[in-house]
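Overview (structure and organization)
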Amino acid sequence: MSSLRLLARWLAPDLALTFSFLLAWLAPDVPGAATAADCQSIMILQGLSILAAVLVGSYLQTSMFFFPLVLGGCLVWLLASGMAGLSLAWVSFVWYVVQSFVDGLRAHRGHFGLARENADHPHRRSDRLVFLYVGTAVLFPVLWLFSSPWHWAIWGTIYFALSAAVDTVLRDQFDRIPRGVLRWMQKRVRTPESEARIGICLDCVYVQPAIPARRGRLIRCCLSVTDSRFPEYPTTPIHVCDGFRRPAGTEERQ
């Protein structure tokens, strides 16, 4: 799939949600406009889905377990509220969740390459959304004071509009934030003890943390998706591996 097509898939639900939240805020009487309660529920579910992705940290588990729960929450809300809950915002959000579910499964199967090198990888996009959600949430107390009852709609408009922007025109500038945090975390995590427990996999581009981590089972090897010679959860430490490769641009390990 080309980067342009992937970008269009990501932007479409973001733009639809931006428009629907803006409609709820500026023209709440228009047929199909979301209510203030709709906007509140959607933003809470969006936050929960991001939190789950951060805590679980694995594409397959997040997709298979949490996204269906979010989608089920959407359907329960629609059933509980009747046709009044069937708004453009809910249709757009269900579209957004289903797409995240599909992309999570595709990422687990290796369709997007390596997250540490591919700027279009869903995991890289998830990193941007975490910082964007937290950053825009800082505005919420101010909106609560001055724009009730539409503070949720205004926050959603800002959040989803910026979400589309950081996937396109602001991506290079915004990516400096998660990259800087990642470098800081790597410096704190990398110790002689961690090197002894994990081995060369600590520097390999194909490695993700194992979920859940256990003694001797600390990493997940992404090569296992396409090559049966490599176990998905190899026993660590590992000192020699035919599939070992450093991320592009990194220095040789001493």
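Residues numbered from 1 in each chain as written. Predicted model: local features only at pLDDT ≥ 70, side-chain atom pairs only at ≥ 80, totals over all residues. Heavy atoms only, no water.

Looking at the pattern of salt bridges
Pairing between side chains becomes possible if they bear opposite charge and their charged atoms approach one another. This structure, assessed with the given rule, holds 6 salt bridges. Residue Arg229 pairs with Asp227 through a salt bridge whose shortest N-O separation is 2.9 Å. By relative accessible area, Arg229 is classed as exposed at 59%. Salt bridges sharing common partners tie together Asp14, Arg125, Arg128, Asp167 and Asp175. (Salt bridge = Lys/Arg side-chain N within 4 Å of Asp/Glu carboxyl O. Buried < 20%, exposed > 50% of the residue type's maximum accessible area, 1.4 Å probe, protein only.)

Digging into the packing of helix 5 (residues 122-137) against helix 7 (residues 151-166)
Two numbers describe how helix 5 lies on helix 7: the axes approach to 10 Å, and their chain directions differ by 145°. The chirality of how helix 5 crosses helix 7 is right-handed. In this structure, helix 5 uses Arg125, Arg128, Leu129, Leu132, Tyr133, Thr136 and Ala137 to contact helix 7, whose residues at the interface are Trp155, Ile158, Tyr159, Leu162, Ser163 and Val166. Per-class residue counts for the contact of helix 5 with helix 7 are 9 nonpolar, 2 polar and 2 charged. (Axes fitted to C-alpha atoms, helices over the stretch in contact; angles between N-to-C directions. Helix = DSSP H or I, 4+ residues; strand = E, 2+ residues; numbered from the N terminus. Left-handed = near helix turned anticlockwise from the far one by under 90°. Contact = heavy atoms within 4.5 Å. Nonpolar A, V, L, I, M, F, W, Y, C, P; charged D, E, K, R; others polar.)

Here we look at helix 4 (residues 88-108)
Between its first and last C-alpha, helix 4 extends 30 Å over 21 residues, near the 30 Å set by a 1.5 Å rise per residue. Considered for burial, the residues of helix 4 that qualify are Ala89, Trp90, Ser92, Phe93, Tyr96, Val97, Gln99, Asp103, Gly104, Leu105, Ala107 and His108. Positioned one or two residues after helix 4, Gly110 has a phi angle of 85°, which is positive. (Expected span 1.5 Å × (residues − 1).)

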